[in-house]
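# Coordinate analysis (summary)
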Amino acid sequence: MHNDHFVVQGLAGEKKLRGMVVINGAKNAVLKAMAASVLFEDELCLENVPDTEDVKKLSHLLSLVGMQITFDSTKRNLCMKAETITGTDLDPDTTKAMRGSVMLTGPMLARYGRVSFSAPGGCVIGARPIDLYIEGYKKMGATIEQKGDHFTIVAPKGGLKAAEIFFPLQTVGGTETLMMTAVLAKGKTILKNCAMEPEIVSLAEFLVSCGATIKGIGSTTMEITGGPLLTSGGAPYVTIPDRIETGSFLFLGALCASELRIERCNPAHVESAIHLLRSVGVSVEIEKNDPYKGVICVSTKNDSKQEKNGVRKSVQIRTHEYPGFPTDIQSPAVTFLTQVQGDSQVFETIFEGRFKYVQDLIRMGADITEMNPREILIRGGKPLRALGKDEALQAHDIRAGFAIVMAALVAEGESVISNIYYIDRGYEKLEERLTALGASVKRVLGQKA
Ligand code: EPU
């Protein structure tokens, strides 16, 4: 799995893909709901769970502290029983390797009064510190012992207490974690300058349906009144469609497909991507507006007419917290923009290291200038070419991995992409889904490219 690579036959710019893709449940919603399972006195089941590497890794981490977990990959159901948990020492190797595991620390601390773990280091997209989580726990009365990157956090006798916490920057994981932590703390916690991503809203609404008291859901100020353990009563958490997967396929469709229907998505969650695509003349039709079963059709029939008329488009993207343009679809958007006539600027405002894949696009023939670590200028319309077997492309992170697959598909020739473990962390069976659209993407097992 870690050494698998993809071999992709490029379409030399022809928009040959066609068909339908079904969107899975959101990885970044499932990981948080899995962390929230620690707040429950009874079994919690999640539906519409994607079979991705990150979900497997977090399941493994939870099972190491004794949680009983069953996953039915056919039904996509994951059930978790927190009452079987016996330890509060989270496996250091897994917590170090997986950023999403930090989310578990709050619920563990709130329920058991103690948690120890190793902090995830900087990762491929930036430094990604955890200071805002630690500050929050301190404000709730916890004592922090740090040895190198290893933390042991202990709640005061009688449990965590409510606090007023201001986030100096909007953090998705920080908002979710301190919200979950406050659900079991004593008194009313106020969180200010919260992130408002749909995954946060979905989790908060579910926790409320299971007994939590949370006000201000979906706004920048939330008030959480702590109480006893939550009860699901057998009602499952139904995972919302993955808006990042939806956005990724929107750009892939616009780049390589004559027509792509994207099913089981929530069109309302990808407004910024739809807006951008329409602004450069791509036809995006919302065929069904539904939060779980929406359908979007992206088609490129009019493209060639525009190019013949000499239409040039310049766009600017600034990644932004929701509902702005997501940092997670910045890289698929950049690959798309390399093929749009005109100059485009892309500013990455969330993470400081999220343009590493751009060097690969440049090697393939894209005209991109890195103005500074957070800003690039794309002179679009230059055809891409495969680099051949001896110069494998890389999946630098989950999303950049998808963007490089897009580049290989639009290029001329055969590309080899290594490090696809990153892609597997976020996109389930990508090669099978692309093959169904008419692409030639083959997984070569167990060999480094
Ligand atoms: N930050 C701090 N201190 C903290 C926490 C965050 O400085 O204690 C900074 C980060 O370094 C970053 C900014 O705050 O510059 C925002 O980070 P945030 O906390 O919002 O990110 P996250 O919760 O760690 C989630 C997603 C990411 C996605 C970001 C931004 C999950 C598991 N991960 O990360 O998803 O890019 O929000 O939307 O939900 C992905 O799926 O590929 C992915 C990287």
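Residues numbered from 1 in each chain as written. Predicted model: local features only at pLDDT ≥ 70, side-chain atom pairs only at ≥ 80, totals over all residues. Heavy atoms only, no water.

### Thoughts on the packing of helix H8 (residues 243-256) against helix H9 (residues 271-279)
- One way to put it is that H8 packs onto H9 with a least axis distance of 10 Å and a crossing angle of 15°. One finds that H8 runs roughly parallel with respect to H9. Crossing hand, H8 versus H9: right-handed. Residue-level inspection shows Leu250, Phe251 and Ala254 of H8 in contact with H9, the latter providing Ala273, Ile274, Leu276 and Leu277. (Axes fitted to C-alpha atoms, helices over the stretch in contact; angles between N-to-C directions. Helix = DSSP H or I, 4+ residues; strand = E, 2+ residues; numbered from the N terminus. Parallel < 35°, antiparallel > 145°, perpendicular 65-115°, else oblique. Left-handed = near helix turned anticlockwise from the far one by under 90°. Contact = heavy atoms within 4.5 Å.)

### Quick notes on the packing of aromatic side chains
- The tally for this structure, following the rule as stated, stands at seven aromatic pairs.
- Here the aromatic rings of Phe206 and Tyr237 are separated by 5.3 Å at their centres, their planes lie at 75°, and the arrangement is edge-to-face. Taken together, the residues span a long stretch of sequence, with Phe206 in helix H7 (residues 198-209) and Tyr237 in strand S13 (residues 237-238) at a distance of 31 residues.
- Take Tyr237: its relative accessible area is 2%, and that puts it in the buried class.
- What links up through ring pairs into an aromatic cluster is the set Phe40, Phe206 and Tyr237. (Phe/Tyr/Trp six-rings, centres within 6.5 Å; stacked < 30°, edge-to-face > 60°. Buried < 20%, exposed > 50% of the residue type's maximum accessible area, 1.4 Å probe, protein only.)

### Description of the pairing of strand S7 (residues 143-147)
- Pairing between S7 and strand S8 (residues 150-154): five bridges, direction antiparallel. Paired with Thr143 across the strands is Val154, a residue of S8.
- The turn joining S7 and S8, which pair antiparallel and follow one another in sequence, is formed by two residues; a positive phi near 60° is taken by Gly148. (Pairing = 2+ DSSP bridges.)

### Considerations on the site of the ligand
- Around the ligand sit 23 residues, and of these Lys32, Thr171, Val172, Asp328 and Ile350 come closest.
- Separating an oxygen atom of the ligand from a side-chain N or O atom of Asp328 is a distance of 2.6 Å.
- The fraction of the free accessible surface of the ligand (840 Å²) that becomes covered by protein chains is 89%.
- Looking at the shell around the ligand, the elements that each hand over two or more residues are helix H1 (27-36), helix H5 (131-139), helix H6 (172-182) and helix H13 (398-410). (Near = heavy atom within 4 Å. Polar contact = N/O pair within 3.5 Å; in protein donor to acceptor, adjacent residues only side chain to side chain. Areas by Shrake-Rupley, 256 points an atom, 1.4 Å probe, with all protein chains shown as cover.)

### Description of the packing of helix H11 (residues 330-337) against H13
- Where H11 contacts H13, the two axes come as close as 7 Å, and the packing angle between them is 20°. Regarding the angle of H11 to H13, the classification is roughly parallel. Crossing handedness for the pair H11 and H13: right-handed. Residues Ser331, Pro332, Thr335 and Phe336 of H11 form the contact with H13, whose participating residues are Arg399, Ala400, Phe402, Ala403, Met406 and Ala407.

### A short note on the sheet that holds strand S18 (residues 342-347)
- Read from one edge to the other, the open sheet built from four strands follows the order S17-S18-S20-S19, with strand pairing classed as mixed. Two strands bound the open sheet, and with one partner strand each, they are strand S17 (316-318) and strand S19 (367-372). Across this sheet, the average inter-strand angle for adjacent strands is 15°, counted without regard to direction.
- Pairing of S17 with S18 involves three bridges; the strand directions are parallel.

### What to know about empty space enclosed by the protein
- Here the structure, examined in full by the defined rule, presents one cavity of 30 Å³ or more.
- In this model, the largest cavity occupies a volume close to 40 Å³.
- Breaking the lining of the largest cavity down by element, the ones donating at least two residues are H1 and H8.
- Within the lining of the largest cavity, the residues separate by chemical class into two nonpolar, one polar and five charged. (1 Å grid on protein atoms, 1.4 Å probe; cavity = no way out; pocket = protein on both sides within 12 Å on 5 of 7 lines; lining within 4 Å. Points joined across faces, edges and corners; volume = space filled by probe spheres on them. Nonpolar A, V, L, I, M, F, W, Y, C, P; charged D, E, K, R; others polar.)

### Points about the side chain of Thr338
- Mapping Thr338 onto the fold places it in the loop between H11 and S18.
- Its relative accessible area of 2% is what places Thr338 among the buried residues.
- Polar side-chain contacts of Thr338 include one of 3.1 Å to the side chain of Gln339.

### Considering unusual backbone geometry
- A cis amide bond, omega 10°, links Tyr322 with the succeeding residue Pro323.
- Within the fold, Pro323 resides in the loop between S17 and H11.
- We note that Asn193 has phi near 60°; this positive angle belongs to a residue other than glycine.
- Tracing the chain through its elements places Asn193 in the loop between strand S10 (188-192) and H7.
- Within the chain, Asn419 stands out as a residue other than glycine whose phi angle is a positive 65°.
- Topologically, Asn419 is positioned in the loop between strand S22 (414-418) and helix H14 (421-426).

### What about the environment of Phe251?
- For Phe251, the location among the structural elements is in helix H8.
- Classification of Phe251 by relative accessible area gives buried; the value is 0%.
- Taking the C-alpha atoms as reference, Phe251 lies 8.7 Å from Ile329; in sequence the two are 78 residues apart.
- With residues near it in sequence (within four places) discarded, Phe251 still touches Ala273, Leu276, Leu277, Phe325, Ile329, Pro332, Ala333, Phe336 and Met406.

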